[in-house]
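One-letter residues, chain by chain:
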Amino acid sequence: MRRRMRGIAVAAIALTSVLSMAACAKDNGGTGTGSTNNASGGCKLADKPAASTGTSSSSSAGDKVDGSALKVGLAYDIGGRGDASFNDSAAAGLDKAKSELGIKEVKELTAAPNEAEDAKQTRLRQLASEGYNPIVGVGFAYAESLKVVAPEFPNVKFAIVDGVVDGAPNVTPLVFAEEQGSFLAGVIAAYQSKTCHVGFVGGVKIPLIGKFDAGFEQGAKTAAPDIKIEKKYLTPAGDFTGFQDPTKGQEAAKGQIEAGADVLYHAAGASGKGVFSAAKSANVKAIGVDSDQYNQATVAESKDVIISSMLKRVDVAVYDFVKAVAKNDLASLPKVFDLKVDGVGYATSGGKIDNDLKAVLEGYKAQIIEGKIKVSDKPTS
């Protein structure tokens, strides 16, 4: 009997050793070179980047400027103020200019889905004719109209978000490195996914949204080389309703969730509301875009599933442009609003990004700023 008990004890010790070794192997991703998420399953993650040394700088810092003499006009893209995304970010920049620069008179006009080109020209002419200067066209869709309207008002300072108007010296381009911010969103998705399977929903299949797609894919695969990524664009090029169709966004998100994705990133404007709704219904996670969508009132019912947002600081660009006009110093604006000038970034509202993940993100951010990581602006598919 004593011999039998001794045998059982030896077997128990051996079993404990095996289980401990298995646990260690799981914690280390089965090798000595990587790691896995703490949650069950998850991705086998690449080695963490070196800690950040702090290389970014704010583009909106500086002296006190008086803009009270300016009348500022904003011509929004479809969705306008209240889209919880791109236009709201521009609106936040205008609001900051009113508060900090003393802007007293503003006018905001909004585009309609798939409107005729002359409607945009009429909108811009209306603002210029009424004495608004500067005027910001919020979105690349204003590029063709500005080619026509800007020369008609040579003394008006125009700006265009996401576009360049060649041959129009009074039009300032406000462009962004969306792929850099989206790279960090991809890292977040890889670290937060329990299935190592994530999704991207784009509003319209155009090169601009392709930059979000490309950066997200590269970031996710840099952090977790074996990750699986679903992709869906809501409408083809030319049909801009993809930025204002929450139902389509919800359907696309449901499809990706059913395929196994448990973290979804959207670059779909107001259609992102549907992505959030689908994520909440399925109890999976989502990453917002442009604005800090966790704090957006129009998507408040879904805020508990929003783990972060890729910040495209249209607010910074609009504010900086208005401030530069007030100072008569447009040359002070950056050529591209990128990670180095905090033109793009990521949100931490809601406490879903812990200090460990933040350290990882800051490490990757530093590598991008230093040029050690080159982020592509074109998706692989």
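Residues numbered from 1 in each chain as written. Predicted model: local features only at pLDDT ≥ 70, side-chain atom pairs only at ≥ 80, totals over all residues. Heavy atoms only, no water.

Caption draft 1: View of the overall build of the chain. If you tally the helices and strands in the chain, you get 10 helices and 13 strands. Expressed as a percentage of the 381 residues in the chain, the buried residues total 51%. Here the analysis covers contacts within the chain between residues at least 6 apart in sequence; of these, 70% occur between residues at least 24 apart. Accessible area for the chain stands at about 16600 Å²; split by element, carbon and sulfur atoms hold 52% of it. (Helix = DSSP H or I, 4+ residues; strand = E, 2+ residues; numbered from the N terminus. Buried < 20%, exposed > 50% of the residue type's maximum accessible area, 1.4 Å probe, protein only. Contact = heavy atoms within 4.5 Å. Areas by Shrake-Rupley, 256 points an atom, 1.4 Å probe, with all protein chains shown as cover.)

Caption draft 2: Spatial organisation of unusual backbone geometry. The omega torsion of the bond from Asn133 to Pro134 falls at 15°, within 30 degrees of zero and hence cis. Residue placement: Pro134 occurs in the loop between helix 3 (117–129) and strand 5 (135–137). You will see that Asn328, though not glycine, has its phi angle at about 55°, which is positive. Secondary-structure assignment places Asn328 in the loop between helix 9 (314–327) and strand 13 (344–346).

Caption draft 3: Structural context of the environment of Ala270. Secondary-structure assignment places Ala270 in the loop between strand 10 (263–267) and helix 8 (272–282). On a C-alpha basis, the gap between Ala270 and Gly249 in space is 8.8 Å, while along the polypeptide they are 21 residues apart. Residues contacting Ala270, with those up to four places away along its chain left out, are Asp83, Phe243, Gln244 and Pro246.

Caption draft 4: Summary view of the packing of aromatic side chains. This structure, assessed with the given rule, holds seven aromatic pairs. Taken together, the aromatic side chains of Phe200, Phe216, Tyr233 and Tyr265 make up a single cluster linked through ring pairs. We note Lys71 situated over the ring of Tyr132; from NZ or CZ to the ring centre the distance is 4.6 Å. Its end group placed over the ring of Tyr319, Lys96 keeps NZ or CZ at 4.4 Å from the ring centre. (Phe/Tyr/Trp six-rings, centres within 6.5 Å; stacked < 30°, edge-to-face > 60°. Lys NZ or Arg CZ within 6 Å of the ring centre and 35° of its normal.)

Caption draft 5: Spatial organisation of the sheet that holds strand 5. Spatially, five strands are ordered 4-3-5-6-7 in an open sheet, and the strand pairing comes out parallel. Only two strands of the sheet have a single partner each, and these edge strands are strand 4 (105–110) and strand 7 (171–174). The average undirected angle you get between the axes of adjacent strands in this sheet is 20°. One ladder, built from three bridges, connects strand 3 (residues 71–76) with strand 5; its direction is parallel. Within strand 5, the residue paired with Gly73 across the bridge is Ile135. Relative to the sheet, helix 2 (residues 86–101) contacts strand 3, strand 4 and strand 6 (158–161), its axis offset from that of strand 3 by approximately 175°. Helix-sheet contacts for helix 3 involve strand 3, strand 4, strand 5 and strand 6, and the interaxial angle to strand 4 is about 170°. (Pairing = 2+ DSSP bridges. Axes fitted to C-alpha atoms, helices over the stretch in contact; angles between N-to-C directions.)

Caption draft 6: View of the pattern of salt bridges. This model, assessed by the stated rule, comprises 20 salt bridges. Where Lys231 meets Glu217, a salt bridge forms, and the shortest distance between an N and an O atom there is 3.0 Å. In this pair, Lys231 is assigned in strand 9 (residues 228–235) and Glu217 in helix 6 (residues 207–223), connecting sequence segments 14 residues apart. By relative accessible area, which is 26% here, Lys231 ends up partly exposed. (Salt bridge = Lys/Arg side-chain N within 4 Å of Asp/Glu carboxyl O.)

Caption draft 7: Summary view of the side chain of Ser271. Among the structural elements, Ser271 can be located in the loop between strand 10 and helix 8. We classify Ser271 as buried; its relative accessible area is 0%. Discounting residues that sit within four places of it in the chain, Ser271 has contacts with Leu234, Thr241, Gly242, Phe243, Gln244, Asp245, Pro246 and Gly249.

Caption draft 8: Seen up close, the packing of helix 7 (residues 246–258) against helix 8. Following both chains from N to C, one finds helix 7 and helix 8 inclined at 40°, their axes separated by 6 Å at the closest point. Taken as axis vectors, helix 7 and helix 8 run oblique relative to one another. Read as a crossing pair, helix 7 and helix 8 show a hand that is right-handed. Residues Pro246, Gly249, Gln250, Ala253, Lys254 and Ile257 of helix 7 pack against Lys273, Gly274, Val275, Ser277, Ala278, Ala279 and Ala282 of helix 8. Its residues assigned to classes, the contact of helix 7 with helix 8 comprises seven nonpolar, four polar and two charged. (Parallel < 35°, antiparallel > 145°, perpendicular 65-115°, else oblique. Left-handed = near helix turned anticlockwise from the far one by under 90°. Nonpolar A, V, L, I, M, F, W, Y, C, P; charged D, E, K, R; others polar.)

Caption draft 9: Looking closely at the sheet that holds strand 8 (residues 197–204). Taken together, six strands build an open sheet; the order of strands is 9-8-10-11-12-13 and the sheet is mixed. The outermost strands of the open sheet, each flanked by one partner alone, are strand 9 and strand 13. Direction aside, the axes of adjacent strands within the sheet are offset by 15° on average. Here five bridges tie strand 11 (residues 285–290) to strand 12 (residues 306–312), and the two strands are oriented parallel to one another. Bridging across to strand 12, Gly288 finds its partner in Ser309. Of the strands in this sheet, strand 8, strand 10, strand 11 and strand 12 touch helix 8, which is tilted by about 165° from strand 11.

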